[in-house]
Every structure is written in structure tokens, then in C-alpha cells.
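# Residue-level structural notes
Take a look at the letters that make up each chain.
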Amino acid sequence: MGLKDLMKSKRAEIASGPAALVQSSLLPGLEALPTAVLVIERRTLGVAFANAVAESLLEMSRRQLSQMCWPDLFTNSDQLIATIDAIAAIADNRFNATHLDASLERTGREPLHVHAIVGYLEAVPDYVLLELFENEQQLRTDREERIHDLTAVNKQLIRNLAHEIKNPLGGIRGAAQLLEFELGDSRDLREYTQVIIKESDRLQTLVDRLLEPHRHPHIVGDVNIHEVCERVRALILAEFPRGLTIERDYDVSVPELRGDKEQLIQTILNIVRNAAEALKERIAAGDARIDLRTRIARNVTISKQLHKLALDLHIIDNGPGIPEDIRDRIFYPLVSGREDGSGLGLTLAQTFVHQHEGLIECDSRPGRTEFQILLPLSI
């Protein structure tokens, strides 16, 4: 039996009213709980009860919920099957409780990231208790920790690798120059030495870019983020004068932040230039668009530290999106979605943002790619 047939069968079995549940006198206590609580009829998976917090979390009234099965609420079957299995295990084996994390997808709304606790109700064995805790912040914290750990490893790896390449590279280039001098006027052979010298110079430039964030001091001053955005906008429009529109949606109440202006210019420039490169087909068609949007975020946690105010900067384009096979690795060194890309622009952007104790994230799908940068603001 398919999932749709299963849901249809279960909906048909929903009882007209949870009389046993009402008689158990559990409902007043469940209503008073500060967390989202649902009581699920174990055979049909019908929603027999939802407290006010659950109504708010699911954005549905109690009347609507009472007419639905648990799987009716969400669209992703995999997570639902895990939850259904947990409900069945609780009901059949009478475990005290089971815990699981789930990302529940809803039509036309953001996914709901929750930690679910499924518990057995001894007073009413035909029902199970489902308690939901939003854990978006925990997921975000875990993701930040992974990013910071990865950044630290990448930083050390890049520095070691760059130095290991740089030392023999100088010897190769020097030997090629000496060999060219010995060859005299032999043009045919000098072409080969020129190839060695030019490729050595190209690798030297790549190594210098890898080491760039660690060479220059972090010069801190008062920075107007809108001046930074305007500088980037002017540079990109000079580079792509036709077919590209860069829209500005600035919150003029955003205060100045303490930071390195040149690093912030380079950070935003790298992201916007990548977006413009990805928009070449739309630029040719004349409908390419990049949005620069600033807002103030309040009570933001970055790297487990709470900041009362933070700059919330969004860079959005209407390009084809980042290829799925590299979407989770775009901040890794030397990873690029373009054949001619160096794969260093976003790595440097992430390094500079972290040096400002901030956070950079990306969400991409065909037709829309959005980078979000959060930077603490001092009060």
C-alpha cells in the first residue's frame, strides 16, 4: 500500500471525538504546558488534541488540526515515516518515550525544524503524546561550529600548502631563467623556458592570494556598510554596464560598525562578482538582477555569543543557482562552479567575515541565490 493510500485509509478511520481522552482529565494539564503538544490517535494518526502553543507553531487552528492526520500536516514522507514508526513503537511496546530530530516540510511555508518527543499515555493507551520543540537555533549553532572548525582546518592547511609550494616554485623559476640565459638567441628553446617562467608566475599569484588574508593586519575603524555596498555596486556596474540591474534596499537606521573597510569591500565584491559571472546569460537577455539589502537583526547568536544588534546583509541574484554537487562546499578553497574560476573568492569572503566575528551563509536554488552576512554591531 502506497503512502497516499495509507493516509486515505487512516483518515477514514478517525473517530468522531476523543471521548476517552476527555474522560481522562489530561487535557487541562496539556493545555497549560509551555511547549507544543499534540495528542495522536495511534491507529489512525488523527490529531485528537492540540494545545495553544501547537496551534501557534503549526499556524493552524485546533478545529483544522482535529480534522487532519499527522502526515496531512507535512509533505516530506521520509521524516513522517520515522515519526509514524516512533508513534507505533511507543504504542505497541509502551516505552516511556522516544526522541528524534526532524525537518518537516510544509507547502508554501518554511520547513519546521523540531526535536520531537513521543510519549506513551498510560491513562489512554489508544493515544500517544507528541511534544515538539523548535530547534532551529540549535541546528544553526551546530552548523556554525562545523563551519568554524572547517575554517580553522582550511586556514592551517592553506598556509602550510602555500609555503610548501612557494619554496620549490622560486627554485623552478630561477632555474628556468638561468637556462634561458644559457640558451642565448635560440628562440625555439626559449619558448619552453618562457612557459615555465609564466606558469611559475601564475602559481605564485595563486599562492599569494591564498596567503593574502593572513599577511595584512586587520585594520579596524568605523565603517558605513552602505558606503561599502555603493563602492561595490559602482565597480560591478562599470564591469557589466549593460543588462545588469543592482537594486538597493537599505535600512538607513543601520549604524556604523567596527571593522576593516577594505576587507568588507573585498568580501562583498567577491560575492557580487561571482553573482554577476553566474548571470551572464541573463545579462545577455537584459534581465539580470542583484539585490543588496541591509537590515538590523536583534538578539542574534553568533558562535554561541548573544549580540543585541547585528547587521543583516543579503546579496540576492536571479541566476541559475549554485550547482547542487558543490552547494555544500562553496566555501572550500579551490572549489568553483565555473571552469575559469579560481575557487578562492568565497573562501576569502568567509575568512574576512570570520575575522569580523560574523557569519556568512548561502541558500541557493534555480532562479535565486541568497548570501546572508551577519556582523555584530556595537551599541
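Residues numbered from 1 in each chain as written. Predicted model: local features only at pLDDT ≥ 70, side-chain atom pairs only at ≥ 80, totals over all residues. Heavy atoms only, no water.

### Some details on the nonpolar core
One finds Ile236, Leu244, Ile268, Ile290 and Phe371 to be the most contacted residues of the largest nonpolar core, which totals 40 residues. Where this core is concerned, the elements lending two or more residues are α9 (225-239), β7 (244-249), α10 (261-278), β9 (288-302), β10 (305-317), α12 (345-355) and β12 (368-376). Broken down by element, this core gets its largest block of residues, eight residues, from α10. Look past the residues within four positions of Ile236 in its chain and what remains in contact with it is Leu244, Ile246, Leu269, Val272, Arg273 and Ala276. Ranked by size, the runner-up nonpolar core spans 25 residues in total, among them Ala36, Ala54, Leu57 and Leu73. (Core = buried A, V, L, I, M, F, W, Y, C linked by side-chain atoms within 4.5 Å. Buried < 20%, exposed > 50% of the residue type's maximum accessible area, 1.4 Å probe, protein only. Helix = DSSP H or I, 4+ residues; strand = E, 2+ residues; numbered from the N terminus. Contact = heavy atoms within 4.5 Å.)

### Some thoughts on the side chain of His314
Positionally, His314 belongs in strand β10. The contact partners of His314, leaving out residues within four places of it in the chain, are Asp291, Leu292, Arg293, Glu370, Phe371 and Gln372.

### A look at the environment of Glu277
Relative to the elements of secondary structure, Glu277 occurs in helix α10. Glu277 sits in the buried class, given a relative accessible area of 18%. Sequence separation between Glu277 and Phe240 is 37 residues, and the spatial gap between their C-alpha atoms is 9.5 Å.

### So, the pairing of strand β2 (residues 47-50)
When strand β1 (residues 36-41) meets β2, the two strands line up antiparallel, connected through three bridges. Bridge pairing in β2 places Ile40 opposite Val47. What sits between β1 and β2 in their antiparallel hairpin is a turn of five residues, with Leu45 showing a positive phi close to 60°. (Pairing = 2+ DSSP bridges.)

### Observations regarding α10
Taking 1.5 Å of rise per residue, 18 residues should cover 26 Å, and α10 covers 26 Å from first to last C-alpha, within 8% of that figure. Those residues of α10 lying buried are Gln263, Leu264, Ile265, Thr267, Ile268, Leu269, Asn270, Ile271, Val272, Ala275, Ala276 and Glu277. The N-cap of α10, judged by a side-chain oxygen 3.1 Å from the amide nitrogen of Glu262 a few residues on, is Asp260. (Expected span 1.5 Å × (residues − 1). Polar contact = N/O pair within 3.5 Å; in protein donor to acceptor, adjacent residues only side chain to side chain.)

### Some points on a nonpolar patch on the surface
The grouping of Leu157, Leu161 and Ile165 at the surface amounts to a nonpolar patch, some 250 Å² of accessible area in total. Note on placement: Leu161 falls in helix α7 (residues 136-183). (Patch = residues over 30% accessible without salt bridge, like charges linked within 9 Å, V, L, I, M, F, W, Y side chains within 5 Å. Areas by Shrake-Rupley, 256 points an atom, 1.4 Å probe, with all protein chains shown as cover. Salt bridge = Lys/Arg side-chain N within 4 Å of Asp/Glu carboxyl O.)

### Quick word on the sheet that holds strand β11 (residues 359-365)
Paired through backbone hydrogen bonds, the strands of a sheet run either parallel or antiparallel to each other. Taken together, five strands build an open sheet; the order of strands is β7-β9-β10-β12-β11 and the sheet is mixed. One side of each edge strand has no neighbouring strand; the edge strands of this open sheet are β7 and β11. Adjacent strand axes in the sheet meet at a mean angle of 20° when their direction is disregarded. Pairing of β11 with β12 involves seven bridges; the strand directions are antiparallel. What sits directly across from Ile360, in β12, is Ile373. α9 contacts β7, β9 and β10 of the sheet and is inclined by roughly 170° relative to β7. (Axes fitted to C-alpha atoms, helices over the stretch in contact; angles between N-to-C directions.)

### Describing the pattern of salt bridges
Under the counting rule described, the total for this entry stands at 14 salt bridges. Between Asp222 and Arg258 there is a salt bridge whose closest N-O contact spans 3.1 Å. Here Asp222, found in strand β6 (residues 221-223), pairs with Arg258, found in strand β8 (residues 257-259); they are 36 residues apart in sequence, far enough to count as distant. Take Arg258: its relative accessible area is 45%, and that puts it in the partly exposed class. Beyond isolated ion pairs, a larger network of salt bridges with shared partners links Glu31, Glu55 and Arg62.

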